[in-house]
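Now for the letters of each chain:
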Amino acid sequence: MEFRHVLLLVFVLAALHVHFRGRVRFSLKRALDFTVLLAPVNSLMVLFSRAPTQPYLDPKTFPELAPLAANWHTIRDEAMRLAEGGGIRAASGYNDVGFNSFFRTGWKRFYLSWYGKDMPSAQAQCPQTVALLKQIPSIKAAMFASLPPGATLVKHRDPYAGSLRYHLGLVTPNDPACYIEVDGQRYHWRDGEAVMFDETYIHHAENATQQQRVILFCDVERPLHFAPLRWFNRFFAKHVMAAASSQNIEGEQVGGLNRAFATIYLWRLKAKALKASNRSLYYAGKWALIVGLLWLLFW
């Protein structure tokens, strides 16, 4: 068997692992996303994870995060001053590739840090929260995130398994009608309470109450066995995830991926129009693109 065929077999096995690891799965045509394209790396991250490979994790097993919940009133006060002044908001243009689709339903954010990129606006407006976050090196990114009344986030999964997701309730409805569901398991946010989950499982959220939900949202480095994997994870975070940095205010640095996204999104709009008019043709084209990329890689 030629080496390229071995690589293709590894890719297929890893893609199957990614697809079947949860109870909730996308249909095959919907399953072709960046999570699958990164499947070999994601499989390694999951297979050699020191944290349990399950949808939800106990925040108490990450004791370094305890200062956040212990200081949640301080964090909440800075978040609400921002929210009342309109600081927690959607991107001003197509410069936030990771969360662009969320803005359509009213989801908003204010970045506190992003994979080594400091945010001057966060330091100026939320100094106490930023100081707390800097004391915890395993936190690679953080933001305040608002889910307004009536908002929903459709089913999705994050493309890279190198982190785990931490949410700390700041101002929430404290109501089961404002919830997140990860791999079919539901949790509703509560003030001052933390929840952790693996964001590479399919998840969605809804706020069916009349009160907004504001949380502290963090990406926490996945603990891994073996130093080479830890090195690779940090290298990927520094050189790829960091390139997806966005801005809170005009003038702050925008990463290379987001600068490219502003141009690429024009083609994305055409693809969305095709999907609306002819879903079969859209998915045929998507499959053809994926197969073409694989052919270039392995042949």
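Residues numbered from 1 in each chain as written. Predicted model: local features only at pLDDT ≥ 70, side-chain atom pairs only at ≥ 80, totals over all residues. Heavy atoms only, no water.

Colleague: Hey, could you run me through the overall build of the protein in this one?
Modeller: A tally of helices and strands in the protein yields 11 helices and 11 strands. Taking 299 residues into account, the globule formula puts the C-alpha radius of gyration at 19 Å, and the protein, at 19 Å, falls close to it. Along the first, second and third principal axes, the C-alpha set of the protein runs to 60 × 45 × 40 Å. Per-residue burial for the protein yields a buried fraction of 48% across its 299 residues. Residue pairs in contact within the protein that sit at least 24 positions apart in sequence constitute 76% of those at least 6 positions apart. As displayed, the protein offers around 14,800 Å² of accessible surface, 62% of which is attributable to carbon and sulfur atoms. Taken as two groups, the 34 positive and 22 negative side-chain charges of the protein have centres that lie 7 Å from each other. (Helix = DSSP H or I, 4+ residues; strand = E, 2+ residues; numbered from the N terminus. Rg over C-alpha atoms; globule rule 2.2 N^0.38 Å. Buried < 20%, exposed > 50% of the residue type's maximum accessible area, 1.4 Å probe, protein only. Contact = heavy atoms within 4.5 Å. Areas by Shrake-Rupley, 256 points an atom, 1.4 Å probe, with all protein chains shown as cover. Lys, Arg positive; Asp, Glu negative; His and termini not counted. Charge placed at Lys NZ, Arg CZ, Asp CG, Glu CD.)

Colleague: Whenever I open this one, helix H4 (residues 39–47) confuses me. Can you help?
Modeller: For an α-helix, the turn length of 3.6 residues means that residues three or four places apart are oriented alike. Within the sequence span of H4, burial applies to Ala39, Asn42, Ser43, Met45 and Val46. Take H4 and look down its axis: the buried residues cluster within an arc of 160°, on one side only. (Arc of directions from axis to C-beta.)

Colleague: What is the right way to look at the packing of aromatic side chains in this model?
Modeller: Think of a pair of aromatic rings as described by two things: how far the centres are apart, and how the planes are tilted against each other in angle. Under the counting rule described, the total for this entry stands at 13 aromatic pairs. Where Phe99 meets Trp114, the ring centres are 6.4 Å apart and the plane angle is 80°; that geometry is what we call edge-to-face. On the criterion of sequence distance, the pair formed by Phe99 in the loop between helix H6 (72–84) and strand E2 (108–114) and Trp114 in strand E2 is long-range, its members being 15 residues apart. As far as burial versus exposure is concerned, Phe99 and Trp114 are alike and both buried. Above the face of the Trp189 ring, Arg213 is positioned so that its terminal group lies 4.5 Å from the ring centre. (Phe/Tyr/Trp six-rings, centres within 6.5 Å; stacked < 30°, edge-to-face > 60°. Lys NZ or Arg CZ within 6 Å of the ring centre and 35° of its normal.)

Colleague: I keep staring at the pattern of salt bridges and nothing clicks. Help me out?
Modeller: It is possible for side chains of opposite charge to pair when their charged atoms get near one another. This model, assessed by the stated rule, comprises 11 salt bridges. Put simply, Asp77 and Arg76 hold a salt bridge, and the shortest N to O gap is 3.3 Å. The class of Asp77 is partly exposed, set by a relative accessible area of 36%. Judged by its relative accessible area of 25%, Arg76 falls in the partly exposed class. As a salt-bridge pair, Lys140 and Glu221 come within 3.3 Å of each other at their nearest N and O atoms. Here Lys140, found in strand E4 (residues 139–147), pairs with Glu221, found in strand E11 (residues 213–221); they are 81 residues apart in sequence, far enough to count as distant. Accessibility expressed as a relative area gives 24% for Lys140, which makes it partly exposed. Owing to a relative accessible area of 13%, Glu221 belongs among the buried residues under this scheme. (Salt bridge = Lys/Arg side-chain N within 4 Å of Asp/Glu carboxyl O.)

Colleague: Explanation requested: the sheet that holds strand E10 (residues 203–207) in the structure shown.
Modeller: By definition, the strands of a sheet pair up through backbone hydrogen bonds, in either a parallel or an antiparallel sense. Spatial ordering of the open sheet is given by E5-E10-E7-E8, a layout of four strands whose pairing is antiparallel. One side of each edge strand has no neighbouring strand; the edge strands of this open sheet are strand E5 (152–156) and strand E8 (185–188). Taking the axes of each pair of neighbouring strands and ignoring which way they run, one obtains an average angle of 15° across the sheet. Examined bridge by bridge, strand E7 (residues 178–182) and E8 share four bridges and lie antiparallel to one another. Within E8, the position partnered with Tyr179 by the bridge is His188. (Pairing = 2+ DSSP bridges. Axes fitted to C-alpha atoms, helices over the stretch in contact; angles between N-to-C directions.)

Colleague: Honestly, the nonpolar core in this entry has me stumped. Any pointers?
Modeller: Nonpolar side chains in soluble globular proteins tend to be buried together. Ranked by size, the top nonpolar core spans 71 residues in total, and within it Leu68, Leu112 and Phe144 carry the most contacts. A total of seven residues in this core trace back to one element, the largest contributor, which is E4. Sequence-distant contacts of Leu68, defined by excluding residues within four places in its chain, comprise Ile75, Leu132, Leu133, Ile136, Ile139, Tyr166, Leu168, Leu216 and Cys218. Judged by nonpolar contacts, the second largest core, of six residues, contains Ala14, Ala15, Val36 and Ala39. (Core = buried A, V, L, I, M, F, W, Y, C linked by side-chain atoms within 4.5 Å.)

Colleague: Quick question: what am I supposed to make of helix H9 (residues 227–239) here?
Modeller: With 13 residues, H9 extends 18 Å from end C-alpha to end C-alpha; this agrees with the ideal 18 Å at 1.5 Å per step. Of the residues making up H9, those classed as buried are Leu229, Asn233, Phe236 and Ala237. Around the axis of H9, the buried residues are gathered within 100° of arc, so they sit on the same side. Opposite the buried face of H9, by more than 90 degrees, sit the exposed residues Pro228, Trp231 and Lys238. Packed against the buried residues of H9 are H4 and E11. (Expected span 1.5 Å × (residues − 1).)

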